[in-house]
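# Coordinates in review
Here's the letter readout for the chains.
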Amino acid sequence: MNTDPDKHWLTKLRDINPIPLKISWINLLPFLLWGIWINRNNNNFNNTHFSPRIKDISNLASEFLFFNSTGTTTKDKSSINIKWYPPQHDWYKLNTDGAFKHEGNKSGIGGAFRNNKGRWILGYQKMDKAISPLHAELQAIHEGMKIAIQYNLFPLEIETDSTDAIHALNNDHLVMANIIHACRLLMLQRKDLSLRHNFREGNQVAHLLATDANKLATMQEVSKTTSNTTPC
C-alpha cells in the first residue's frame, strides 16, 4: 500500500502557481527537474518508492533566488523561513554535520535524532581524524547510520547541509571511496531510509555538536546523549 503523502505529485506539479512564490516558471523549472532527478536517485539507491516533494522543491527555488539576488533597484523584499522541519508521520530524522580543521587534520562530527513531533531522541559527537571537510561530513553520516541501526531508529530521514556529501554518495568520489562504500553498506541494509539536504540554519543542532567535538584536545569515542525534552 502506498502511504506516500505526495503520491499525486504530478497533479501538484501541474497545479503549481508560481506567482505567490514570486518565482517565474523559467526559474522554477530547473529546480523541479533537479528535484525529480534527486528523488529518482534516492529511490534507485535506497530501493524506495517516494515521490518528489513539490513544496520542498519550491522552497529550495525560493531560497536560491533570494540568496543569489544581486539587483539593487528592486524594492520588493521577501523573507525565507529556513528552519528544521519534522519528518513524516512515524519517521525519525537524523541531522548530521562535520567540522574540519586543517591544523592536525582534525574532524568533529555530530548528529541528532528526533521524531516527527520534534522530540529529541538521541545525540552523538566525536573527535576524529579526517583529510577534508567532505571526509568529516561523510564520517558524521556513517556514525549516525551505525547508531540508527544499533537502536533501530527507522524509518529514517537523514539530513545534512553538505551537498557535496550527498553528491558523493549518489555519484561516487575517487578519494572518498572507502568511507562512501562503508556508508552505502549500512544504507543498503534498510529500505525505509532517505537522504536529504537542508541549509545550515535548519541544521544548527548537529552543527553545534560537531563544532563542540572539534574543540576536544584528544581523540574521543562517540559520546551519546538521550533526553525526553526537545533542545532549542
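Rules behind the numbers
Residues numbered from 1 in each chain as written. Predicted model: local features only at pLDDT ≥ 70, side-chain atom pairs only at ≥ 80, totals over all residues. Heavy atoms only, no water. Salt bridge = Lys/Arg side-chain N within 4 Å of Asp/Glu carboxyl O. Helix = DSSP H or I, 4+ residues; strand = E, 2+ residues; numbered from the N terminus. Buried < 20%, exposed > 50% of the residue type's maximum accessible area, 1.4 Å probe, protein only. Phe/Tyr/Trp six-rings, centres within 6.5 Å; stacked < 30°, edge-to-face > 60°. Lys NZ or Arg CZ within 6 Å of the ring centre and 35° of its normal.

Evaluation of the coordinates by the stated rule reveals eight salt bridges. We note a salt bridge from Lys-126 to Glu-143, for which the minimum N-O separation is 3.7 Å. Placement of Lys-126 in strand E3 (residues 120–129) and of Glu-143 in helix H5 (residues 133–151) is noted, with a sequence separation of 17 residues between them. Each member of the pair, Lys-126 as well as Glu-143, carries the same accessibility label: buried.

With that settled, consider unusual backbone geometry. Residues apart from glycine generally show negative phi values, whereas peptide bonds are mostly found in trans. Residue Phe-154 is joined to Pro-155 through a cis peptide bond whose omega torsion reads -5°. Note on placement: Pro-155 falls in the loop between H5 and strand E4 (156–160). The phi torsion at Asn-152 lies on the positive side, around 55°, for a residue other than glycine. Structurally, the position occupied by Asn-152 is in the loop between H5 and E4.

Another aspect to go through is the packing of aromatic side chains. To describe a pair of aromatic rings, one takes the distance between the centres and the angle between the planes. Counted according to the given criterion, the structure contains one aromatic pair. Between the aromatic rings of Phe-113 and Tyr-124, the centroid separation amounts to 6.3 Å while the plane-to-plane angle is 50°, which identifies the pairing as tilted. Linking Phe-113 in strand E2 (residues 106–115) with Tyr-124 in strand E3, this pair joins segments that are eleven residues apart in sequence. Judged by its relative accessible area of 0%, Phe-113 falls in the buried class. What makes Tyr-124 buried here is its relative accessible area of 1%. Lying over the aromatic face of Trp-84, Arg-114 brings its terminal NZ or CZ to 4.3 Å of the ring centre. Taking NZ or CZ as reference, Arg-190 lies 4.0 Å from the ring centre of Phe-154, over its face.

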